[in-house]
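Spelled out, the chains give:
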Protein chains: 2
Amino acid sequence: MGLNFPIKKPARQKIINKANLGMDLEGLINESNTYYLNNNIAVIHKKPTPVQIVKVDYPMRSKAVITEAYYKTPSTTDYNGIYKGKYIDFEAKENHNKTAFPLANIHPHQIEHLKNIIAHGGIGFMIFSWNAYGEYYILPFDIILEYWNNSLLDGRKSIPYQVFKEHGYLIKEGYLPRLPYLKVIDEIFF
Amino acid sequence: MGLNFPIKKPARQKIINKANLGMDLEGLINESNTYYLNNNIAVIHKKPTPVQIVKVDYPMRSKAVITEAYYKTPSTTDYNGIYKGKYIDFEAKENHNKTAFPLANIHPHQIEHLKNIIAHGGIGFMIFSWNAYGEYYILPFDIILEYWNNSLLDGRKSIPYQVFKEHGYLIKEGYLPRLPYLKVIDEIFF
């Protein structure tokens, strides 16, 4: 009878869910980046997830297995690369809310990093998904920074959807690539 | 008596050694990048080590623990960023040999990536340590590529030390930063 007990694997379940959630915006951007790379339009890659590796096993005759590691807070953004000879750098933010994007989803390091990039002559921005509406926006960094700085003063902890409608650039989904965000970058920066 | 057996911990030992070996060149570059960042000279970061995460545990009330993961072959280089408004991208190679640098230490992906970067107008190169001589060189990418391509024809699997002496740019160690490699980049590219 003991053999008929259902096998409990909550950890595995959670991983799968997490991966699928991530697929939405990240998957679209990665796919588009592959298209841009293969068609010689831009070289933009996602940086690996930063992980603090604590323990590694080296089983005989097989590859090293990391057996203890932790997610680290990223010190930069998710994506960077080169487009039309310019350094380009951005963060992708999945958003499930309907009325506002919570600033808590942005790390202070990411704001500092994008500030630096722009000061050095690079192109810096963020791409947001509004999953409730199936929309994708690029919001210029100065707008994000305005809300970020104000939140420290007035305590407002989010950027309203209306701001995206008014000041953001809608990325129209396409076929190849599916999320042609560089078209919007052309519009804003070139 | 059983308690007096020496405790076997080969895995842990190996980690420590690996970290120390990596410190040499990587540590120097990271330190220099921090200096460049803090002094507003350049924004250059090391990309996180790419890891394939297989299993994550979520213990109650504490942070997620990655319990199974594997090192992945990197698809790009170790470092990238922006310097004097230009996209900059490079790989750092620690070298313990005395007569030649083995090409096996370079991944085909890294060659492809640097080729792309240069084709798009970026600055791409590699930094090599020659630990036997306490020397650090930047070797222009066209020289690396020449040896890489030739190795496919003539089977020669390394770049001789002499090539570094003749065609490489020696990075003179300094105090702040300790490895002022951007001085050499100025010399070659600006």
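Data block above holds the structure.
As the structure is a prediction and not an experimental result, all values here were calculated from the model.

Q: Even after reading the chapter, I still don't get the sheet that holds strand β3 (residues 65-71) of chain A, so can you show me in this structure?
A: Strands belonging to one sheet form pairs held by backbone hydrogen bonds; the direction of such a pair is parallel or antiparallel. Spatially, 4 strands are ordered β2(A)-β3(A)-β3(B)-β2(B) in an open sheet, and the strand pairing comes out antiparallel. Edge strands, defined here as strands with exactly one partner in the open sheet, are β2 (51-57) of chain A together with β2 (51-57) of chain B. Between one strand axis and the next, the sheet turns through 35° on average, direction left out of account. Both β2(B) and strand β3 (residues 65-71) of chain B contribute to a ladder of 6 bridges, which runs antiparallel. Along β3(B), the bridge assignment pairs V56(B) with I66(B).

Q: Teacher, can you tell me more about helix α5 (residues 181-189) of chain B here?
A: Quick reminder: α-helices carry 3.6 residues per turn. Residues three or four places apart thus point the same way. Residues and elements named next belong to chain B. Three or more residues of α5 are buried, namely Y181, L182, V184 and I185. Down the axis of α5, the buried set is contained in an arc of 150°. They therefore lie on one face. Looking at α5, the residues exposed on the side facing more than 90 degrees away from the buried face are K183 and E187.

Q: It is not clear to me how the sheet that holds strand β1 (residues 42-46) of chain B should be interpreted in this structure. Could you clarify?
A: Residues and elements named next belong to chain B. Here we have 6 strands laid out as an open sheet, ordered β1-β4-β5-β7-β8-β10, and mixed in their pairing. Both outer strands of the open sheet, β1 and β10 (169-170), are each paired with one neighbouring strand and no more. Pairing between strand β5 (residues 86-93) and strand β7 (residues 123-130): 6 bridges, direction parallel. Residue pairing for β7: I88 is matched across the bridge by I123.

Q: Even after reading the chapter, I still don't get the interface of chain A and chain B, so can you show me in this structure?
A: Often, the extent of an interface is quoted as the loss of accessible area on bringing the components together. The interface is formed by 43 residues belonging to chain A together with 43 residues belonging to chain B. Note on chain A versus chain B: buried area summed over both sides is about 3800 Å², and carbon and sulfur give 66% of it. Our count for the contact surface shared by chain A and chain B stands at 0 salt bridges. Applying the counting criterion to the chain A and chain B interface returns 7 residue pairs in polar contact (both at pLDDT 80 or more). Those elements that provide at least two residues to the side of chain A that touches chain B are α1 (10-38), β1 (42-46), β2, β3, β4 (79-83) and α2 (108-119) of chain A. Broken down by element, the side of chain A that touches chain B gets its largest block of residues, 7 residues, from β3(A). Of the residues assigned to the side of chain A that touches chain B, the class counts are 22 nonpolar, 13 polar and 8 charged. With 2 bridges connecting them, β3(A) and β3(B) associate as antiparallel partners. Along β3(B), the bridge assignment pairs A69(A) with I66(B).

Q: What is the right way to read the relation of the copies chain A and chain B from this model?
A: Relating one copy of the chain to the other takes a rotation about an axis and a shift parallel to that axis. Least-squares fitting of chain A to chain B yields an RMSD of 0.0 Å, with the superposition described by an axial translation of 0.0 Å and a rotation of 180°. Between the two chains, the operation in question is that of a two-fold axis. When the interface residues of chain A are mapped onto chain B, 100% of them again lie at the interface, so the same face is used by both copies.

Q: Help me understand the packing of aromatic side chains in this model?
A: Each aromatic ring pair is summarised here by two numbers: the centre-to-centre distance and the angle between the ring planes. All names here are of chain B. As enumerated under the stated definition, the model contains 27 aromatic pairs over all chains in all. Geometrically, the ring pair formed by Y79 and F90 is stacked, given 4.9 Å between the ring centres and 10° between the ring planes. On the criterion of sequence distance, the pair formed by Y79 in strand β4 (residues 79-83) and F90 in strand β5 is long-range, its members being 11 residues apart. The same class applies to Y79 and to F90, which are both buried. Geometrically, the ring pair formed by Y83 and F190 is edge-to-face, given 5.5 Å between the ring centres and 85° between the ring planes. Residue Y83 is located in strand β4, and its partner F190 is located in the segment after α5; the two are separated by 107 residues in the primary sequence.

Conventions adopted
Residues numbered from 1 in each chain as written. Chains lettered and ligands numbered in written order. Predicted model: local features only at pLDDT ≥ 70, side-chain atom pairs only at ≥ 80, totals over all residues. Heavy atoms only, no water. Pairing = 2+ DSSP bridges. Helix = DSSP H or I, 4+ residues; strand = E, 2+ residues; numbered from the N terminus. Axes fitted to C-alpha atoms, helices over the stretch in contact; angles between N-to-C directions. Buried < 20%, exposed > 50% of the residue type's maximum accessible area, 1.4 Å probe, protein only. Arc of directions from axis to C-beta. Contact = heavy atoms within 4.5 Å. Buried area = accessible area lost by both parts, 1.4 Å probe. Salt bridge = Lys/Arg side-chain N within 4 Å of Asp/Glu carboxyl O. Polar contact = N/O pair within 3.5 Å; in protein donor to acceptor, adjacent residues only side chain to side chain. Nonpolar A, V, L, I, M, F, W, Y, C, P; charged D, E, K, R; others polar. Least-squares fit on C-alpha atoms with pLDDT ≥ 70 in both. Phe/Tyr/Trp six-rings, centres within 6.5 Å; stacked < 30°, edge-to-face > 60°.

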